[in-house]
Every structure is written in C-alpha cells, then in structure tokens.
Amino acid sequence: MTGRRRLAVLAGSWAAFAVLAAVLAAHDWAPFPFELTGVDWSVAHRPPVAETVALAVTSLGTGVAPYLLVLAAALVTLRASPVPRSRRATAGTVLAPVLCLAAGQLLRQGLMHAFGRPRPPRTDWAFTASGFAFPSGHAFTSALCAGLLALAVARAHPRAARAAVVTAVLFAGSIGLSRIYLGVHWPLDVLGAWLLAAGCLAAASIVPRPPTRPRAPAPEVP
C-alpha cells in the first residue's frame, strides 16, 4: 500500500468514525430500530452451546490475549530484521506494537467516557460488562492487535499478507459480533470500534518499517 493510500485510509476511517459519532449524538445516543432488532434477535437465539462459544470467543478481546498478539507481531518483525541489532533497536521493535495498542486503548477509553452511550438493558446481557457502550472495547482491541500482527507478517513475509489479513478480519469480526450476540453492545458500537481501529492501524502503517534481513545469495550453478 502506497503512502497516499495509507493516508487516505487513515483520513477515511477517522472521518467515518466522526460522522458515525455525530449521527449517534444527534440521535441522543439512543439505539436505532435495526440495533434494537439485532440485540432482540440475539437474545431470542442464544442456546447454551452457542452462548458458551460466544463467551469463549469474546474472552479473546481483552486481558492477556491482545498483548500476546502484539508481542507476536514484535517477534515477527525481530526475526525479519538484520542481525546483529543494538539493544535500543530491539527494545524499540518490541515496545512499538505494545505502545500502539496501549495508546489506542487510552484513546478509546477517553472517547467512550466523552460520549457516554448507554449499553443495552442488563436483562439482555449474557456477559458482565462495565463502562459505556460506544465504541466497543473488545471489538476495538481485537481489531487493533490482530491488525498489528497482520501488518508485521505482511511486511516480513509479503507472500503471506493475504492470509494474515483474512485471519485478522475473521478474528476481529467474530469477537465484535460476539459482543452484540451476548447483548452487551449495540451494532453501531462495534462498527465504530472497527472504524477507530482501522484509523489506528493506518497510522501505525505510516511508521517506516525496519530494514529486513537480507536473504542469503543463491548458490552458483557450475
């Protein structure tokens, strides 16, 4: 992706997030009819097995799992970078995705408290939740950490870029949808989280990539 396309994705994602927030604010942060329908459908179609699966999936969007993914991103970048490396370069490579995730979470927390959108009724919850609804924390965190890992893989192994992106989309998508299914978020909470995460990923992709390890020359054929 060229620098201009990265900037376009960055501007487009955050502009779309701002528009969505403005629309919700104009609606007094109340759910739209299709959001009510989505949560009502989820509550009415929640057998024990499906609920157990959704709970397992949603647990990957918080706690240790996201930081393990960004550490994996750092490891992928380290393995592809030249050796020997200075301690400063190694520490920077390891800390960069961790700090990106931490900064993104702080940004989302600030926006969430500034907007103060109420969650769906507690009677619809199949999962303990805290704080306000918009944008969804689990959806944002999973999209950002999976995206950072996919970005690292794409930079280090371009041939695996498509598979990495598809895996990241499936991972983040399943966690985001689980939040609606478990009744703790409205659909637009999840969409807003994805847009915000896309903007953060576009910003992270603008940072110059570290030099990759040169490949060993192919043996000469006599």
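Summary of the structure given here. (Residues numbered from 1 in each chain as written. Predicted model: local features only at pLDDT ≥ 70, side-chain atom pairs only at ≥ 80, totals over all residues. Heavy atoms only, no water.)

### A few points about the overall build of the chain
Alright, step 1. Within the chain, the secondary structure is distributed over 8 helices and 0 strands.
Alright, step 2. Its helices and strands in sequence order give the chain the pattern α-α-α-α-α-α-α-α, from N to C terminus.
Alright, step 3. Looking at the chain residue by residue over its 222 residues, the buried ones come to 41%.
Alright, step 4. Here the chain has roughly 12200 Å² of accessible surface; of this, 70% comes from carbon and sulfur atoms. (Helix = DSSP H or I, 4+ residues; strand = E, 2+ residues; numbered from the N terminus. Buried < 20%, exposed > 50% of the residue type's maximum accessible area, 1.4 Å probe, protein only. Areas by Shrake-Rupley, 256 points an atom, 1.4 Å probe, with all protein chains shown as cover.)

### Section: unusual backbone geometry
Alright, step 1. For the peptide bond that leads from Phe 134 to Pro 135, omega is -5°, which places it in the cis range.
Alright, step 2. For Pro 135, the position within the fold is in the loop between helix H5 (87–115) and helix H6 (137–156).

### Points about a nonpolar patch on the surface
Alright, step 1. Taken together, the side chains of Val 64, Leu 68 and Leu 71 present a nonpolar region at the surface, about 290 Å² in accessible area.
Alright, step 2. Counting through the fold element by element, Leu 68 comes out in helix H4 (residues 64–80). (Patch = residues over 30% accessible without salt bridge, like charges linked within 9 Å, V, L, I, M, F, W, Y side chains within 5 Å. Salt bridge = Lys/Arg side-chain N within 4 Å of Asp/Glu carboxyl O.)

### Section: helix H7 (residues 161–181)
Alright, step 1. Taking 1.5 Å per residue, 21 residues should reach 30 Å; H7 reaches 30 Å between its end C-alpha atoms and fits that length.
Alright, step 2. Among all positions of H7, only Ala 161, Ala 164, Ala 168, Ala 172, Gly 173, Ile 175, Gly 176, Ser 178, Arg 179, Ile 180 and Tyr 181 are buried.
Alright, step 3. Buried residues along H7 sit in contact with helix H2 (33–44), helix H3 (48–58), H6 and helix H8 (187–206).
Alright, step 4. Trailing H7 by a residue or two, Gly 183 shows a phi angle of about 80°, which is positive. (Expected span 1.5 Å × (residues − 1). Contact = heavy atoms within 4.5 Å.)

### A short note on the environment of Ala 126
Alright, step 1. Here Ala 126 lies in the loop between H5 and H6.
Alright, step 2. In this structure the C-alpha to C-alpha distance between Ala 126 and Tyr 181, which are 55 residues apart in sequence, comes to 8.6 Å.
Alright, step 3. Not counting chain neighbours up to four residues away, the residues in contact with Ala 126 comprise Arg 46, Glu 51, Leu 55 and Leu 182.

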